[in-house]
Amino acid sequence: MGLTLTEKILKAHVVDGEFIKGSEIGIKIDQTLTQDATGTMAYLEFEAMGVPRVKTERSVAYIDHNTLQSGFENADDHRFIGSVCKKHGIYFSRPGNGICHQVHLERFGIPGKTLIGSDSHTPTGGGIGMIAIGAGGLDVAVAMGGGAYYITYPKIVKVNLTGKLSPWVAAKDVILEVLRRLSVKGGVGKVIEYCGEGVKTLSVPERATITNMGAELGATTSIFPSDEITRQFLKAQGREDVWVELSADADAVYDEIVDINLSELVPLAACPHSPDNVKSVEEIGTLKIDQVCIGSCTNSSLLDMLKVAHILKGKTVHPDVSLSIAPGSKQVLNMLAQNGALSILIDAGARILESACGPCIGMGQSPNSKGISLRTFNRNFEGRSGTKDAQIYLVSPEMAAVSALTGYLTDPRTLGEMPEFKLPEVFTINDNMIVPPESEAEMDSVEILRGPNIKPFPVSEALVDSIDAQVSLKVGDNITTDHIMPAGAKILPLRSNIPAISKFCFAVCDEEFSERALRLGKSIIVGGSNYGQGSSREHAALAPLYLGVKAVLVKSFARIHRSNLINSGILPLTFANEADYDLISQGDELVMTNIRDAVANGKDFEILDKTNGKTIIAKCELSDRAKAIMAAGGLLNFTRESLK
Ligand code: MIC
Ligand code: SF4
């Protein structure tokens, strides 16, 4: 029986466990990446592990999220990360060099290698045939220290692409179509593998848009084959030597097959407030817009920018619309400058932003009150743009650009004939903003520069045997990490200071939560299905840990957040019977006993709701390794113990 591409790469990297669907395997990690908003914590954790030098083939730290420096905090964090990199063997991509996923694809990604990143959009690397997975900072720290990364051996979904995209229909529309069909929960426990004749019609940046936003499916990752198109891309980046051809065997067996005929796709938009709320322009109808933002790790490649420049050429942004554009990397911005496209964008009235995440994470460009904003990004969760009442639509760069001119959501196919947009045969390469680490001989002389905002992070105690605590919060389905631990310009600078950032925990849902939880001392959160979807930010586990949350009881979890809870020593429980969710109210007192036995032996938890006298059965299905992590009180304790 033939193998899928995913199986081939996983088999070449497995160091622990067996290849049985649904069971846990440990894989060797070749590369890691961090970004600054999760990176400070990841490096503090790395330091706490006491490993002097990273053991990966390549580890890179990017500064791209917290670039709005309205106080000392962010600049201090950049300096801290820079000094850690120098000392411990990590490459440092300086602020201004670009968004981690874009730069990693351009300069470091290698087909067939494994990559984990402390950012949920790490699967962007799947665009060149990597197994690239988003993870919590602590998992990345462990991988930097040479430890394996553990995943549930995934189901593998084949997305069979046929046909060719019609003019003005974009890669963004492909992933929006996949989201429309599978939903934000549809990828949980799965790797999405793109195959079929249609693959050959897509360039690397287009493939990367698709694998990037595969994160919104909840998938472990997404991957494309590495073929002649990949070779051309790497050659143009001066890295042809790292290319290898990779694809699934013809007789590979998949768990599911999704057929997509590219020729049949139309321009789509994800409507507020979920990336899977996908509709065609026709279905949405007339929509007057206030703002357009082009950029983010999903759509900020040179190809995207060239399309936008073509559309804006010689025109002016509609007077009622604010258009911002953030090219994804210094390379992209520089090439736009060199070939004149930047001048076209400026001329049309675009507000050019630095190459960073920017508005995607609420770092500036928040819309006006009740503003309608079209964005080429990957997430449109409520509040993420920095205002509570904005309506965010996720669209392709083509649709964004044409709509910026008309002032209304506009189907780009109205533009008439589409010229051919080709990637250059050679990109402008200048890695002068990537600082290599100090040599091993010199590393001891490097001083770590710590700002006053960098505070120690909370570490859980070993697992307790009983919990008697109140439900401090009850929330519904599809709670995102942006609900649990909001981002934005005001809160992000506190990422290295858990006591301070915890004040904003769940502020979007309930402003009094953090005070209440702190007052209770220990408590339990109850939630619905797909709890913790979205980002990899471990702050969504560390802040609750700091606030005394001992267990989270939900209908189902999103993958990365569940691991972050386990890594932090918080019990991740699911209702044995989902209907029992209705039995519990906020404020109820819940009692759990024999916890250690239930965790160690995979037994059901009997939870007594003292307030109403009912008994609820919960499950805590953990791998043997996760059981040991829980018993130790989190991954850091576990790793320290295993290093003894
Ligand atoms: C995001 O897109 O939500 C982020 C900000 O990049 C996060 C990481 C973070 O919260 O720092 C992610 O996707 O993991
Ligand atoms: Fe940055 Fe947005 Fe990409 Fe997250 S999704 S890495 S915030 S650009």
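Residues numbered from 1 in each chain as written. Chains lettered and ligands numbered in written order. Predicted model: local features only at pLDDT ≥ 70, side-chain atom pairs only at ≥ 80, totals over all residues. Heavy atoms only, no water.

## Some thoughts on the environment of Ala462
Next, step 1: As for its position among the elements, Ala462 is in the loop between strand E20 (434–435) and strand E21 (467–474).
Next, step 2: On the basis of relative accessibility, which here comes to 47%, the residue Ala462 falls in the partly exposed class.
Next, step 3: Through-space distance from the C-alpha of Ala462 to that of Ala631 is 5.8 Å; in sequence the pair is 169 residues apart.
Next, step 4: Beyond its immediate chain neighbours, meaning those up to four positions away, Ala462 contacts Ala631, Ala632 and Gly633. (Helix = DSSP H or I, 4+ residues; strand = E, 2+ residues; numbered from the N terminus. Buried < 20%, exposed > 50% of the residue type's maximum accessible area, 1.4 Å probe, protein only. Contact = heavy atoms within 4.5 Å.)

## As for the pattern of salt bridges
Next, step 1: Applying the stated criterion across every chain yields a total of 28 salt bridges.
Next, step 2: For Arg379, the salt bridge identified is with Glu216, shortest N-O distance 2.6 Å. With Arg379 in the loop between strand E18 (372–375) and strand E19 (391–394) and Glu216 in the loop between helix H7 (204–213) and strand E11 (221–223), the pair connects residues that are 163 residues apart, well separated along the chain. Across this residue pair, the class does not change: Arg379 and Glu216 are buried.
Next, step 3: Notably, a salt bridge pairs Arg231 with Glu228, separated by 2.5 Å at the nearest N-O pair. Linking Arg231 with Glu228, this pair stays in helix H8 (residues 228–236), spanning three residues, or about one helical turn.
Next, step 4: Residue classification places Glu228 among the partly exposed positions, given a relative accessible area of 40%. (Salt bridge = Lys/Arg side-chain N within 4 Å of Asp/Glu carboxyl O.)

## So, the sheet that holds strand E5 (residues 91–93)
Next, step 1: The strand order E7-E6-E3-E4-E5-E20 describes an open sheet built from six strands, whose pairing is mixed. The open sheet has two free edges, formed respectively by strand E7 (131–134) and E20, since each of these has just one partner strand.
Next, step 2: Bridge count for strand E3 (residues 31–35) against strand E4 (residues 58–62) is five bridges, and the pairing is parallel. Its bridge partner lying in E4, Thr32 is registered against Ser59.
Next, step 3: With respect to the sheet, helix H3 (residues 72–88) is in contact with E4 and E5, its orientation differing from that of E5 by roughly 155°.
Next, step 4: Across the sheet, helix H4 (residues 100–107) is in contact with E3, E4, strand E6 (114–117) and E20; its angle to E3 comes to roughly 150°. (Pairing = 2+ DSSP bridges. Axes fitted to C-alpha atoms, helices over the stretch in contact; angles between N-to-C directions.)

## Observations concerning helix H6 (residues 171–182)
Next, step 1: The terminal C-alpha atoms of H6, which comprises twelve residues, lie 17 Å apart, in line with the 16 Å expected from a rise of 1.5 Å per residue.
Next, step 2: Of all the twelve residues making up H6, ten are buried; the element is thus mostly covered by neighbouring parts of the structure.
Next, step 3: Among the residues making up H6, those that are buried are Ala171, Lys172, Asp173, Val174, Ile175, Leu176, Glu177, Val178, Leu179 and Leu182.
Next, step 4: Phi turns positive, to about 75°, at Ser183, one or two residues after H6. (Expected span 1.5 Å × (residues − 1).)

## Some details on the nonpolar core
Next, step 1: One finds Phe506, Tyr531, Leu571, Leu573 and Phe605 to be the most contacted residues of the largest nonpolar core, which totals 98 residues.
Next, step 2: Core analysis: the second largest hydrophobic core is formed by 61 residues, Leu115, Val281, Leu342 and Leu345 among them. (Core = buried A, V, L, I, M, F, W, Y, C linked by side-chain atoms within 4.5 Å.)

## Quick word on the site of ligand 1
Next, step 1: As a matter of local geometry, ligand 1 sits amid 14 residues, with Asp119, Ser120, Arg384, Ser536 and Arg537 nearest to it.
Next, step 2: Within the side chain of Ser120, one N or O atom sits 2.5 Å away from an oxygen atom of ligand 1.
Next, step 3: At a separation of 2.5 Å, an oxygen atom of ligand 1 approaches a polar side-chain atom of Arg537.
Next, step 4: Looking at the shell around ligand 1 residue by residue, the class counts come to two nonpolar, seven polar and five charged. (Near = heavy atom within 4 Å. Polar contact = N/O pair within 3.5 Å; in protein donor to acceptor, adjacent residues only side chain to side chain. Nonpolar A, V, L, I, M, F, W, Y, C, P; charged D, E, K, R; others polar.)

## Some words on the sheet that holds strand E9 (residues 155–162)
Next, step 1: With respect to topology, four strands assemble into an open sheet ordered E11-E10-E9-E12, the strand pairing being parallel. With partners counted over all chains shown, the strands left at the sheet margins are E11 and strand E12 (256–261), one partner each. Neighbour to neighbour, the strand axes of the sheet diverge by 20° on average, direction disregarded.
Next, step 2: In this structure, E9 lies alongside E12, joined through six bridges in parallel fashion. Of the residues in E12, the one forming a bridge with Asn160 is Asp259.

## Things to note about the side chain of Ser203
Next, step 1: Secondary-structure assignment places Ser203 in the loop between strand E10 (190–195) and H7.
Next, step 2: Taking the relative accessible area as the measure of exposure, Ser203 reaches 15% and is therefore buried.
Next, step 3: The residues touching Ser203, leaving out its near neighbours within four places in the chain, are Ile229, Leu303 and Leu423.

## Points about the packing of helix H2 (residues 36–49) against helix H5 (residues 137–144)
Next, step 1: The geometry of H2 relative to H5 is characterised by a closest axis approach of 8 Å and an angle of 45° between their N-to-C directions. One element, H2, and the other, H5, form an angle in the oblique class. Of the two elements, H2 crosses H5, and the hand of that crossing is right-handed. Contacts from Ala42, Tyr43, Glu45, Phe46 and Met49 in H2 reach Gly137, Leu138, Ala141, Val142 and Met144 in H5.
Next, step 2: Across the contact of H2 with H5, the residue classes break down as eight nonpolar, one polar and one charged. (Parallel < 35°, antiparallel > 145°, perpendicular 65-115°, else oblique. Left-handed = near helix turned anticlockwise from the far one by under 90°.)

## Observations regarding helix H12 (residues 341–348)
Next, step 1: Within the sequence span of H12, burial applies to Ala341, Leu342, Leu345 and Ala348. For H12, the angular spread of the buried residues around the axis is 130°, confining them to a single face.
Next, step 2: As for H12, its buried residues are in contact with helix H10 (302–312), strand E16 (322–325), helix H11 (330–339) and strand E17 (351–352).
Next, step 3: Within two residues after H12, Gly349 carries a phi angle of roughly 105°, on the positive side. (Arc of directions from axis to C-beta.)

## Some words on the packing of aromatic side chains
Any aromatic ring pair is given by two values, namely how distant the centres are and how the planes are angled relative to each other.
Next, step 1: Per the stated rule, a full pass over the model turns up eight aromatic pairs.
Next, step 2: Taking 6.2 Å as the distance between ring centres and 55° as the angle between the ring planes, the aromatic pair formed by Tyr91 and Phe108 counts as tilted. With Tyr91 in strand E5 and Phe108 in the loop between H4 and E6, this residue pair connects regions lying 17 residues apart in the sequence.
Next, step 3: Exposure remark for Phe108: the relative accessible area of 9% places this residue in the buried category.
Next, step 4: Between Phe506 and Phe513, the aromatic rings sit 5.3 Å apart at their centres with planes inclined by 80°, giving edge-to-face as the arrangement. Side by side, Phe506 and Phe513 carry an identical accessibility label, which is buried.
Next, step 5: A cation over a ring is seen here: Arg58 above Tyr91, with NZ or CZ 4.4 Å from the ring centre.
Next, step 6: Here the guanidinium or amino end of Lys474 rests over the ring plane of Tyr581, the centre of that ring lying 4.0 Å away. (Phe/Tyr/Trp six-rings, centres within 6.5 Å; stacked < 30°, edge-to-face > 60°. Lys NZ or Arg CZ within 6 Å of the ring centre and 35° of its normal.)

Functional significance is not addressed by these values, which are geometric in nature.
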